[in-house]
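Secondary and tertiary structure notes
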Amino acid sequence: EAGVAQSPRYKIIEKRQSVAFWCNPISGHATLYWYQQILGQGPKLLIQFQNNGVVDDSQLPKDRFSAERLKGVDSTLKIQPAKLEDSAVYLCASSPAGSAWGEQFFGPGTRLTVL
Amino acid sequence: GDSVTQMEGPVTLSEEAFLTINCTYTATGYPSLFWYVQYPGEGLQLLLKATKADDKGSNKGFEATYRKETTSFHLEKGSVQVSDSAVYFCALNTNTGNQFYFGTGTSLTVIP
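Residues numbered from 1 in each chain as written. Chains lettered and ligands numbered in written order. Predicted model: local features only at pLDDT ≥ 70, side-chain atom pairs only at ≥ 80, totals over all residues. Heavy atoms only, no water.

Here we take up the pairing of strand 8 (residues 62–65) of chain B. Two faces, one strand: in a regular strand the side chains alternate between the faces of the sheet. Residue and element names in this part refer to chain B. Across four bridges, strand 7 (residues 56–59) lies against strand 8 in antiparallel orientation. Within strand 8, the residue paired with Gly57 across the bridge is Ala64. The hairpin turn running from strand 7 into strand 8, its antiparallel successor, is two residues long, and Lys60 in that turn takes a positive phi close to 55 degrees. Where strand 8 lies against strand 9 (residues 75–77), three bridges are found, and the strand directions are antiparallel. Opposite Ala64, over in strand 9, you have Leu75 as the bridge partner. (Pairing = 2+ DSSP bridges. Helix = DSSP H or I, 4+ residues; strand = E, 2+ residues; numbered from the N terminus.)

Written as structure tokens, this is what we have:
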């Protein structure tokens with residue numbers, strides 16, 4: 001079974017530029033998560049989708065971050081404009097519907113550096 | 001609010017040593033508890049879990065017991081191997097809306 005795919009793996013941009021990350025979850029997984037992992041910290045949830053609807057985006061900085069999950073499959077996370085403090089690894093995870101006990105499957109992440 | 005506090009690293013052990021990584025949590029209700037592992041260059045993988053008090057999760061020689069009285073979920077392994085070198089994250093799921101909270105991670109290096 002293919003795992004969670006993410007691209008690109010690495011991205012370097014200058015502040016005030018825009019960037020987008022893509023995630024393709026495991027086939028059939030209804031729930032999709034985006035996390036931000038700053039160096040030396042644990043992952044912080046940015047947004048959670050159930051199919052193509054948003055379940056939780058309370059920690060998403062909506063003035064600059066946006067995310068969508070069209071057709072309830074793959075998802076895109078965008079930052080516009082980027083700030084220095086956005087430098088982090090952006091992790092995508094997915095889980096099957098009804099997985100209330102934490103069976104999250106993570107992708108390899110996208111490492112973003114903002115200069 | 002809900003949170004996870006994890007023992008800070010880095011931790012360096014010799015092969016076959018005993019490992020303990022401490023994790024305590026704060027949560028309302030009855031969360032589920034997890035340990036995830038992140039090997040170099042890879043994504044997070046679920047290592048073990050426990051969904052109710054006194055449950056013991058185990059996998060690959062690692063164990064952790066859900067202790068409600070001490071709000072703890074310490075990770076243990078009796079004899080570590082070089083291949084166990086990774087970053088370990090304690091996490092909880094509030095079970096209301098499937099919201100997760102992660103600890104800051106503990107880096108483990110096992111030397112031959």
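On to the interface of chain A and chain B. Contacts between chain A and chain B engage 24 residues on the former and 20 residues on the latter. When the two sides are added together, the surface that chain A and chain B hide from each other amounts to roughly 1600 Å², 48% of it contributed by carbon and sulfur. Where chain A touches chain B, the interface holds zero salt bridges. Put simply, chain A and chain B have zero residue pairs in polar contact (both at pLDDT 80 or more) between them. Sorting the residues of the side of chain A that touches chain B by element identifies strand 4 (31–37), strand 5 (44–50) and strand 6 (53–56) of chain A as the ones contributing at least two each. For the side of chain A that touches chain B, the class distribution of residues is ten nonpolar, eleven polar and three charged. (Contact = heavy atoms within 4.5 Å. Buried area = accessible area lost by both parts, 1.4 Å probe. Salt bridge = Lys/Arg side-chain N within 4 Å of Asp/Glu carboxyl O. Polar contact = N/O pair within 3.5 Å; in protein donor to acceptor, adjacent residues only side chain to side chain. Nonpolar A, V, L, I, M, F, W, Y, C, P; charged D, E, K, R; others polar.)

Residue and element names in this part refer to chain B. One open sheet holds the four strands; their spatial order is 3-9-8-7, and the pairing between them is antiparallel. Edge positions in the sheet fall to strand 3 (19–21) and strand 7, since each has one partner strand and no second. Across the sheet, the axes of successive neighbouring strands diverge by a mean angle of 15 degrees, strand direction being ignored. (Axes fitted to C-alpha atoms, helices over the stretch in contact; angles between N-to-C directions.)

Below, the discussion takes up the state of the cysteines. Here the structure, examined in full by the defined rule, presents two disulfides over all chains. Linked covalently through their sulfurs, Cys23 of chain A and Cys92 of chain A form a disulfide whose S-S length is 1.9 Å. The disulfide joining Cys23 of chain A to Cys92 of chain A has a torsion of about -70 degrees about its S-S bond and is therefore left-handed. Of the two residues, Cys23 of chain A sits in strand 3 (residues 19–24) while Cys92 of chain A sits in strand 9 (residues 88–95), which places them 69 residues apart along the sequence. Under the relative-accessibility criterion, Cys23 of chain A is labelled buried at 0%. Taking relative accessible area as the criterion, Cys92 of chain A reaches 0% and is therefore assigned buried. Between the sulfur atoms of Cys23 of chain B and its disulfide partner Cys90 of chain B the distance amounts to 1.9 Å. Disulfide Cys23 of chain B-Cys90 of chain B: the torsion about the S-S bond is -70 degrees, which places it as left-handed. Linking Cys23 of chain B in strand 4 (residues 23–26) with Cys90 of chain B in strand 10 (residues 86–93), this pair joins segments that are 67 residues apart in sequence. (Disulfide = S-S within 2.5 Å. Buried < 20%, exposed > 50% of the residue type's maximum accessible area, 1.4 Å probe, protein only.)

Right, let's talk about the packing of aromatic side chains for a bit. How two aromatic rings sit relative to each other is set out by the distance from centre to centre and by the angle between their planes. One pass over the full model with this rule turns up 14 aromatic pairs over all chains. Judged by centre distance (6.1 Å) and plane angle (90 degrees), the ring pair of Tyr33 of chain A and Phe100 of chain B falls under edge-to-face. With one member in each of two chains, Tyr33 of chain A in strand 4 and Phe100 of chain B in strand 11 (residues 100–102) form a pair that bridges those chains. Note on accessibility: Tyr33 of chain A and Phe100 of chain B belong to one class, buried. Joined through ring pairs, the aromatic side chains of Tyr33, Tyr35 and Phe106 of chain A together with Phe34, Tyr36, Phe100 and Phe102 of chain B make up one cluster. (Phe/Tyr/Trp six-rings, centres within 6.5 Å; stacked < 30°, edge-to-face > 60°.)

A few words on unusual backbone geometry. Cis geometry is adopted by the peptide bond preceding Pro8 of chain A, which originates at Ser7 of chain A and carries an omega value of -10 degrees. Assignment of secondary structure puts Pro8 of chain A in the loop between strand 1 (5–7) and strand 2 (10–13). The omega angle of the peptide bond from Gly9 of chain B to Pro10 of chain B is -5 degrees, so this bond is cis rather than trans. Here Pro10 of chain B lies in the loop between strand 1 (3–6) and strand 2 (11–14). Backbone geometry places Asp54 of chain B, a non-glycine residue, at a positive phi of 75 degrees. Mapped onto the fold, Asp54 of chain B is located in the loop between strand 6 (44–50) and strand 7. Residues other than glycine seldom take positive phi values, yet Lys60 of chain B does so here, at roughly 55 degrees. Its place among the elements puts Lys60 of chain B in the loop between strand 7 and strand 8.

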